[in-house]
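Next come the chains, spelled out residue by residue.
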Amino acid sequence: MTGKKLIISALVLALVQIGFLSWIIAGRAAILRNGKEVLLKVQPVDPRDLLRGDYISLNNNISRIPVKLIANIPQGKLSSDDTSIVVRLRKGDDGYWQPTTAWFGQAPSPAGEGEADIAGHVVEGWGFSDPEATIAPDYGIDRFYLPEGEGMTIQDDIRVRPFGIKLALASDGTAQIKALMDGDKTLVEEPLY
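This text gives an overview of the structure that appears in the document. Since we're looking at a predicted model, the values are computed, not measured. (Residues numbered from 1 in each chain as written. Predicted model: local features only at pLDDT ≥ 70, side-chain atom pairs only at ≥ 80, totals over all residues. Heavy atoms only, no water.)

1. Structural notes on a nonpolar patch on the surface
Phase 1: Taken together, the side chains of Phe 20, Leu 21, Trp 23, Ile 24 and Ile 25 present a nonpolar region at the surface, about 550 Å² in accessible area.
Phase 2: Position of Ile 24 among the secondary structure elements: in helix α1 (residues 2-34).
Phase 3: Accessibility expressed as a relative area gives 41% for Ile 24, which makes it partly exposed. (Patch = residues over 30% accessible without salt bridge, like charges linked within 9 Å, V, L, I, M, F, W, Y side chains within 5 Å. Areas by Shrake-Rupley, 256 points an atom, 1.4 Å probe, with all protein chains shown as cover. Salt bridge = Lys/Arg side-chain N within 4 Å of Asp/Glu carboxyl O. Helix = DSSP H or I, 4+ residues; strand = E, 2+ residues; numbered from the N terminus. Buried < 20%, exposed > 50% of the residue type's maximum accessible area, 1.4 Å probe, protein only.)

Structure below.
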C-alpha cells in the first residue's frame, strides 16, 4: 500500500508542477498576445552567454529615469528605498515611446489615451539630491535571446543604426519583449509558447 501511495503522491506532484508551468507560460503568452505594444530604442551591451547562447543585453531609452520625473518623492528624502516603480510612457514623433513621469508604488491614475505604464523595481540607495541624477529601474526586459550565431552580427548592426524592442505591456504594467526591430523590420519575434 505504501508504494501505491508514493506513486499517487508523485503523480499529483507532477500534475501540480505541470499546471504551475502551464500557468506561467499561458500568462506570458497572454501578455504577448493581448498587451499594449510599445517600441523602445535599444543599445547592445554584451552578445553572448556561454550557457544559453547568443543574446543581446539591452540598454533602452527607459533604462535610466531622471529623478526629476518621479512625481512622489517625499520632501527631504535623499535616496531610494527597495520599492516598485511605475513609469508612464508616451509615444514620440519618431515612433519610440519616452518616459514622461514616474511614481514609486503605484500610479495615481490609469494611463490615458496614447500613454502606457510599465512596472519596474528600484533597489535601495539611488540618490535624489542632484536634480540631474538618474535611477535605473529593473523591468525584466534587459536581455533578449537570439537564434544561434546571430548575436555578433546584430550587435555590430546596432552600433551603426537604430534598433528597437517591441514590448507587450499587460494592464498591470508587466512587460514582455515581443520582438527585436531594425527600424520598421521585425528581426526576431518571440513565439507565444
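2. Regarding the packing of aromatic side chains
Phase 1: On inspection of all chains with the given rule, the structure shows two aromatic pairs.
Phase 2: Ring centres 5.9 Å apart and planes at 35° place the aromatic pair Phe 20 and Trp 23 in the tilted group. Of the two residues, Phe 20 and Trp 23 both sit in helix α1, three residues apart, roughly one turn of that helix.
Phase 3: Residue classification places Phe 20 among the partly exposed residues on the basis of a relative accessible area of 48%.
Phase 4: In this structure Trp 23 comes out as exposed when scored by relative accessible area, which is 61%.
Phase 5: Plain terms: the ring middles of Phe 104 and Phe 128 are 5.8 Å apart, the flat faces sit at 40° to each other, and that makes the pair tilted. Placement of Phe 104 in strand β6 (residues 97-104) and of Phe 128 in the loop between β7 (115-122) and β8 (134-135) is noted, with a sequence separation of 24 residues between them.
Phase 6: For Phe 104, a relative accessible area of 14% corresponds to the buried category. (Phe/Tyr/Trp six-rings, centres within 6.5 Å; stacked < 30°, edge-to-face > 60°.)

3. Some thoughts on the nonpolar core
In globular proteins that are soluble, nonpolar side chains generally tend to be buried together.
Phase 1: Ile 118, Ile 135, Ile 141, Ile 165 and Leu 167 are the most contacted members of the largest nonpolar core, which totals 37 residues.
Phase 2: For this core, the elements supplying multiple residues, two or more each, are β1 (36-44), β5 (83-91), β6, β7, β10 (163-169) and β11 (175-182).
Phase 3: Ranked by residues supplied to this core, first place goes to β11 with five residues.
Phase 4: In contact with Leu 167, other than residues within four places in its own chain, are Lys 36, Glu 37, Val 38, Leu 40, Ile 118, Ile 141, Ala 175, Gln 176, Ile 177 and Lys 178. (Core = buried A, V, L, I, M, F, W, Y, C linked by side-chain atoms within 4.5 Å. Contact = heavy atoms within 4.5 Å.)

4. What about the layout of surface pockets?
Phase 1: The computed volume of the largest pocket comes to approximately 320 Å³.
Phase 2: Along its surface, the largest pocket is lined by 20 residues, and Asp 117, Ala 170, Ser 171, Asp 172 and Gly 173 are the ones closest to its centre.
Phase 3: Elements with a minimum of two residues in the lining of the largest pocket: β5 and β7.
Phase 4: It is β7 that provides the largest number of residues to the lining of the largest pocket, a total of five residues.
Phase 5: Looking at side-chain class alone, the lining of the largest pocket contains ten nonpolar, six polar and four charged residues.
Phase 6: Considering only enclosed or pocket space, the second largest pocket measures out at about 220 Å³ in volume.
Phase 7: If you trace the second largest pocket, you find twelve residues lining it, with Arg 28, Gly 140, Arg 143, Phe 144 and Ile 177 closest to the centre.
Phase 8: Of all elements in the fold, only β9 (143-145) and β11 reach the threshold of two or more residues within the lining of the second largest pocket. (1 Å grid on protein atoms, 1.4 Å probe; cavity = no way out; pocket = protein on both sides within 12 Å on 5 of 7 lines; lining within 4 Å. Points joined across faces, edges and corners; volume = space filled by probe spheres on them. Nonpolar A, V, L, I, M, F, W, Y, C, P; charged D, E, K, R; others polar.)

5. Topic: the side chain of Lys 178
Phase 1: By the element assignment, Lys 178 lies in strand β11.
Phase 2: On the basis of relative accessibility, which here comes to 13%, the residue Lys 178 falls in the buried class.
Phase 3: When neighbours within four sequence positions are excluded, Lys 178 is seen to be in contact with Leu 32, Glu 37, Lys 166, Leu 167, Ala 168, Val 188, Glu 189 and Glu 190.

6. A look at the pattern of salt bridges
Phase 1: Overall, the coordinates contain seven salt bridges when judged by the stated rule.
Phase 2: In this structure, the salt-bridge partner of Glu 37 is Lys 166, at a minimum N-O distance of 3.8 Å. A residue pair is termed long-range when its members are at least 10 positions apart, and Glu 37 in strand β1 and Lys 166 in strand β10 qualify at 129 residues.
Phase 3: Take Glu 37: its relative accessible area is 39%, and that puts it in the partly exposed class.
Phase 4: The partner of Asp 117 in a salt bridge is Arg 88, with the nearest N and O atoms 2.6 Å apart. Residue Asp 117 is found in strand β7, and its partner Arg 88 is found in strand β5; the two are separated by 29 residues along the sequence. Of the two residues examined, Asp 117 and Arg 88, each falls in the buried class.
Phase 5: A network of salt bridges, in which partner residues are shared, links Glu 37, Lys 166 and Lys 178.

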